[in-house]
Amino acid sequence: MTSLDRKLLRQLWQMKAQLLAIALVIASGAALLIMSLTTIEALEETTAAYYERTRFADVFAHAKRVPEYRKRDIGEIPGVRLVETRIDERAILNIAGYLEPAVAQVISLPDRGPQLLNALVIRSGRLIDPTRPDEVVVSEPLAEAHRLKPGDSIDAILRGRKRTLHIVGTALSPEFVYAIAPGGLMPDDERFGILWMGRDALGAAFDLKASFNSVALSLVPDADVNDVIRRLDDILAPYGGIGAYSRSDQTSNWFVESEIAQQKNLSRVMPTIFLAVAAFLTNLVMARLVDTERREIGLLKALGYTNWTIGLHYFKLVLAIGTAGIVIGSLTGAWLGHWNTELYANFYRFPFLLYRPGPAAFVVSAAISLTAALAGSLMASYRAVRLPPAEAMKPPSPAIYRRMFTTRSAFAGTFDEPTRMILRRIMRWPGRALLTSLGLAMSTAVMIMALQWVDAIDSLAETVFERGQHQDATIAFNELHPLKTVRDFENLPGVLSVEPYRYVSARISHRHLAERQGIIGVSGSAILSPVFDVSRGRLEIPLGGLVVSRKLAELLRIAIGDTVVVELLEGHQASFSVPVVQVFETYIGKPAYMQMGTLNRLADDGDVASGLHIRIDEAGRSDLMAKLKDIPGIASIQFRRAAIDTFYKTMGETIFIFIGFFVAFSMTLSVGVTYNSIRIAISERAQELATLRILGFTRWEISYILLGEVGLLAWLAVPLGAAIGLGLAWWMTRAFETELYRVPLVLHNSTYSKAAIIMLASALGCAAVARRRLDRLDLIAALKTRE
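Across its full length, the chain holds 22 helices and 24 strands. Overall size of the chain, expressed as C-alpha extent along the three principal axes, is 100 × 60 × 55 Å. Residues classed as buried in the chain amount to 57% of the 787 residues present. A separation threshold of at least 6 residues defines the contact pool for the chain, and within that pool the share at least 24 residues apart is 82%. Carbon and sulfur atoms make up 58% of the accessible area of the chain, which totals about 34,500 Å². Distance from the positive charge centre (84 side chains) to the negative charge centre (77 side chains) of the chain: 11 Å.

This is how it looks when you write it as structure tokens:
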């Protein structure tokens, strides 16, 4: 071991607290990057393996009733490898011990042979016996929510007929990794699940013998997906086809892919903030170290050490800091990545988890972290290398002092001498002061960005579920019902008011752009579930026009006054042009609205409704629930209160944990900046502070001189951090914007206050540690000069 290496070890031990603070900041950035990259890798690998093992389909389509012989025509479409037809219907479940009716999507299983596509993964029990028509396999989330197991029975309404179904197994399916009810936003396993029955049994129940209403296709590797979809639509059009779609648009897969995309967005910004601050701290410490060791550098050069050797010495010091940060960050990031992936594996229902992080994430993280640390030390290392021996042997030239505005201004007399000393120091080194304040501001900004999610979620829930909706339940029918049905529901016990709506699957196009988006028909004076703009409130729908959400308007590049072409994908599949008469902002989906009477007239279906919004009298709720379980023709029931509870429960399981992580990381950032700033100030000003003590200043006065500077910079960091935090929050809302939902940019004053208090508390804790060091200051040693 060389003498320089022994010197390096001594320096690492003497500066261990400062260097550990920097290493922890580097570790925070590395851990965030590794967590994001390994989570992305695990989700992509798990999803790909699951889809491959279960032969997840590439194209899906639904229709009303298609003769089975058309399967051959579908199989002859160029690019199609496998075709599996099936029956896909809805049922109302009466589960023992559960007050509300649950909704099930019932899908047929082949009676002969295994599933060609979308194969089930049996979690308990077995598959159905085709010779026993009342056997079903239940989705595992529904079974867990109601503690159902093989051997139990449930009552179901299948096309108006009550049947007792016997559970023989539980399963997961690649189609329902993220299983949400029609019109739902998040999984609600208590109220929605999947049942799988035999093909003949389900066909007999829904009068679809020798027919199908759903088809899944697997394609050859180089197939033209759009061409396959177009040809499939042509075949299914005479049978009520409502438009085929690819795997990328399949609901469950779309949610999974969106989550992966959001993780990629997160991996780009957050580590950058921490590593940028780590570079600043490294520069701060190395610059001070080089200034302190000027004489040693000169002696080493005079003794024959080359510039390369001295530069390598400081490089090793930075390498040690970076390596410590990388090791801590890698271990923490690997643990966080595994935990994060397990969280997703429970939220998105995979039957297995492949968390096998390769070296790529760790190598990328290590390379970026070391680059940041070395970049921060370049200027200081360059000064050490370029310093001539004769110049290094002399003490640095004294600073040039002059009167500043703090002593010349009219306000100078209002400050005592210690305060003027604080202000003079900040003004003489404005760059260092700015970077210190910026580092603390970044800590505040990260906390603001994390805490704003609470404000945003509350605002989203209040806007969507409280201000925009006033119904207690939404009922969807299996088929269109005449409007006179409204009166039948008005007479049910516990029903206060009823409001019908119409929903039609459609393709809306403008010039060369097209979007598959259903159109909702409501009355012009709708109250229970009106067209609601987040800023303007309830909107009236003009006659003869289309009201579109801002997101849909962006996708189609349309504005008020433009004309769009609407192709209905149901019933008579009418096509017509209609003007855009309103554009409104909503946080959920990309809906389009028309007056219900206009939509029914253009669809040529008469006065019909797809479902109802109802208000419920709590006194009669139990009687109404019992009635709804026995009413035929109901496809689904959505309860607003349940949607709110599910929304908060789902968010509470994830978002608050992430907020906790980011608060911890931001506190690490604050501690790292504050502690290093104070330690460097003590090293630089030890002689000055000792002199002041000899002249009669008290310990509290010299503490105020030293710590007041950091305190002032921390206070200045609060408004700067608030501005940066607002920018980060804005960026996050844009990065997480999808077609399904938009996170509003909402920041309450209390959020700014919490972030500022946490940062200032961290700084105060560091100041308390430094205060103890000042109390132990050796006045005699500090007054000794090096000259």
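Anyway, onward from the coordinates.
Here we come to the environment of Ile448. Structurally, Ile448 is set in helix α14 (residues 430-467). Residues Ile448 and Gly725, 277 residues apart in the sequence, show an inter-C-alpha distance of 5.4 Å.

Let us look at unusual backbone geometry. Although it is not a glycine, Ala210 sits at a positive phi angle of roughly 60°. Turning to its location among the elements, Ala210 is positioned in the loop between α5 (199-205) and β10 (211-219). The phi dihedral of Asp604 falls on the positive side, at around 60°, and the residue is not glycine. By the secondary structure assignment, Asp604 is in the loop between α17 (596-603) and β23 (608-616). Under the relative-accessibility criterion, Asp604 is labelled exposed at 54%.

Below, the discussion takes up the pairing of strand β19 (residues 546-549). Side chains of β19 alternate between two faces, with Leu546 and Val548 and Val547 and Ser549 buried alike. In this sheet, strand β21 (residues 575-584) lies alongside β19 in parallel orientation, the contact comprising 4 bridges. In the sheet register, Leu546 faces β21, and the bridge partner there is Val580.

So, about the sheet that holds strand β15 (residues 513-516). In space, the 11 strands of this open sheet follow the order β15-β14-β20-β21-β19-β22-β16-β13-β23-β12-β24, with mixed pairing throughout. Among the strands making up the open sheet, the edge pair consists of β15 and β24 (634-639). With strand direction ignored, the average angle separating the axes of adjacent strands in the sheet is 35°. Here 5 bridges tie strand β20 (residues 563-568) to β21, and the two strands are oriented antiparallel to one another. Residue Thr563 lies in a different strand from β21, and its bridge partner there is Pro579. Running at roughly 90° to strand β22 (residues 592-595), α17 makes contact with β13 (495-504), β16 (519-522), β20, β21, β22 and β23 of the sheet.

What follows deals with the sheet that holds β10. Strand order in the open sheet formed by 4 strands is β2-β10-β1-β11, with antiparallel pairing between adjacent strands. Each end of this open sheet is capped by a strand with a single partner; those strands are β2 (80-86) and β11 (245-246). Where β2 meets β10, 6 bridges bridge the pair, whose relative direction is antiparallel. Of the residues in β10, the one forming a bridge with Leu82 is Ser218.

It is worth spelling out the packing of helix α1 (residues 3-14) against helix α9 (residues 307-347) at this point. Two numbers describe how α1 lies on α9: the axes approach to 10 Å, and their chain directions differ by 35°. Considering the relative orientation of α1 and α9, their crossing is right-handed. Where α1 approaches α9, its residues Leu4, Asp5, Lys7, Leu8, Gln11 and Leu12 are matched on the opposing element by Thr309, His313, Lys316, Leu317 and Ala320. Its residues assigned to classes, the contact of α1 with α9 comprises 5 nonpolar, 3 polar and 3 charged.

Inspection of the entire model under this criterion finds 5 cavities of 30 Å³ or more. The calculated volume of the largest cavity comes to roughly 690 Å³. Lining the largest cavity are 32 residues; nearest its centre among them are Glu259, Gln262, Met651, Phe736 and Tyr741. Residue assignment for the lining of the largest cavity shows that the elements contributing at least two residues are α7 (251-292), α9, α14 and α19 (640-694). The biggest single contributor to the lining of the largest cavity is α19, with 8 residues. Class assignment of the residues belonging to the lining of the largest cavity gives a composition of 25 nonpolar, 6 polar and 1 charged. Of the volumes computed, that of the second largest cavity is approximately 150 Å³. Looking at the second largest cavity, it is lined by 13 residues, and the ones nearest its centre are Arg425, Arg432, Thr436, Ser677 and Glu709. Among the residues making up the lining of the second largest cavity, the classes are represented as 8 nonpolar, 2 polar and 3 charged.

Before going further, it helps to examine helix α2 (residues 16-54). Between its terminal C-alpha atoms α2 stretches 54 Å, which fits the 57 Å expected from 39 residues at 1.5 Å a residue. Directly beyond the C-terminal end of α2, a positive phi value near 55° is found at Arg55.

Once that is clear, we can look at the environment of Gly125. Structurally, Gly125 is set in strand β5 (residues 121-125). Residues Gly125 and Ala171, spaced 46 residues apart in sequence, show a C-alpha to C-alpha distance of 8.9 Å. Beyond its immediate chain neighbours, meaning those up to four positions away, Gly125 contacts Pro150, Val168 and Gly169.

With that settled, the discussion passes to the side chain of Lys629. Note on placement: Lys629 falls in the loop between α18 (621-628) and β24. Here Asn94 takes part through its side chain, which lies 3.1 Å from a polar atom of the side chain of Lys629. Lys629 has contacts with Ile92, Asn94, Tyr98, Leu99, Glu100, Pro101 and Ile157, leaving out every residue within four places of it along the chain.

Relative to the helices and strands, Ser505 is located in the loop between β13 and β14 (506-510). Within polar-contact distance, the side chain of Ser505 engages the side chain of Glu570 at 3.1 Å. The residues touching Ser505, leaving out its near neighbours within four places in the chain, are Gly518, Glu567, Leu568, Leu569 and Glu570.

Judged by nonpolar contacts, the single largest core of 99 residues is most densely connected at Tyr314, Tyr348 and Phe647. The greatest single-element share of this core, amounting to 18 residues, is contributed by α7. Core analysis: the second largest hydrophobic core is formed by 35 residues, Ala181, Val486, Val495 and Leu612 among them.

Here the focus is the packing of aromatic side chains. One pass over the full model with this rule turns up 14 aromatic pairs. With a centroid separation of 5.9 Å and an interplanar angle of 80°, the aromatic rings of Tyr50 and Phe352 are classed as edge-to-face. Taken together, the residues Tyr50 in helix α2 and Phe352 in the loop between α9 and α10 (359-386) connect sequence positions 302 residues apart. For Tyr50, a relative accessible area of 1% translates into the label buried. For the ring pair Phe176 and Trp196, a centre distance of 6.5 Å and an interplane angle of 65° mean the geometry is edge-to-face. With Phe176 in the loop between β8 (161-172) and β9 (192-198) and Trp196 in strand β9, the pair connects residues that are 20 residues apart, well separated along the chain.

Okay, the pattern of salt bridges next. The final tally for this structure, using the stated rule, is 34 salt bridges. Of the charged contacts in the structure, one is a salt bridge between Glu45 and Arg356, with a shortest N-O distance of 2.3 Å. With Glu45 in helix α2 and Arg356 in the loop between α9 and α10, the pair connects residues that are 311 residues apart, well separated along the chain. For Arg356, a relative accessible area of 52% puts it in the exposed group. The salt bridge involving Arg507 is made with Asp233; its shortest N-O contact spans 3.8 Å. Here Asp233 lies in helix α6 (residues 225-236) and Arg507 lies in strand β14, a separation of 274 residues in the sequence. Looking at Arg507, the relative accessible area reads 24%, which means it is partly exposed. Within the structure, one salt-bridge network assembled from shared partners comprises Glu100, Asp188, Glu190, Arg191, Glu618 and Arg621.

Cut-offs used in this document
Residues numbered from 1 in each chain as written. Predicted model: local features only at pLDDT ≥ 70, side-chain atom pairs only at ≥ 80, totals over all residues. Heavy atoms only, no water. Helix = DSSP H or I, 4+ residues; strand = E, 2+ residues; numbered from the N terminus. Buried < 20%, exposed > 50% of the residue type's maximum accessible area, 1.4 Å probe, protein only. Contact = heavy atoms within 4.5 Å. Areas by Shrake-Rupley, 256 points an atom, 1.4 Å probe, with all protein chains shown as cover. Lys, Arg positive; Asp, Glu negative; His and termini not counted. Charge placed at Lys NZ, Arg CZ, Asp CG, Glu CD. Pairing = 2+ DSSP bridges. Axes fitted to C-alpha atoms, helices over the stretch in contact; angles between N-to-C directions. Left-handed = near helix turned anticlockwise from the far one by under 90°. Nonpolar A, V, L, I, M, F, W, Y, C, P; charged D, E, K, R; others polar. 1 Å grid on protein atoms, 1.4 Å probe; cavity = no way out; pocket = protein on both sides within 12 Å on 5 of 7 lines; lining within 4 Å. Points joined across faces, edges and corners; volume = space filled by probe spheres on them. Expected span 1.5 Å × (residues − 1). Polar contact = N/O pair within 3.5 Å; in protein donor to acceptor, adjacent residues only side chain to side chain. Core = buried A, V, L, I, M, F, W, Y, C linked by side-chain atoms within 4.5 Å. Phe/Tyr/Trp six-rings, centres within 6.5 Å; stacked < 30°, edge-to-face > 60°. Salt bridge = Lys/Arg side-chain N within 4 Å of Asp/Glu carboxyl O.

These figures capture arrangement, not role.
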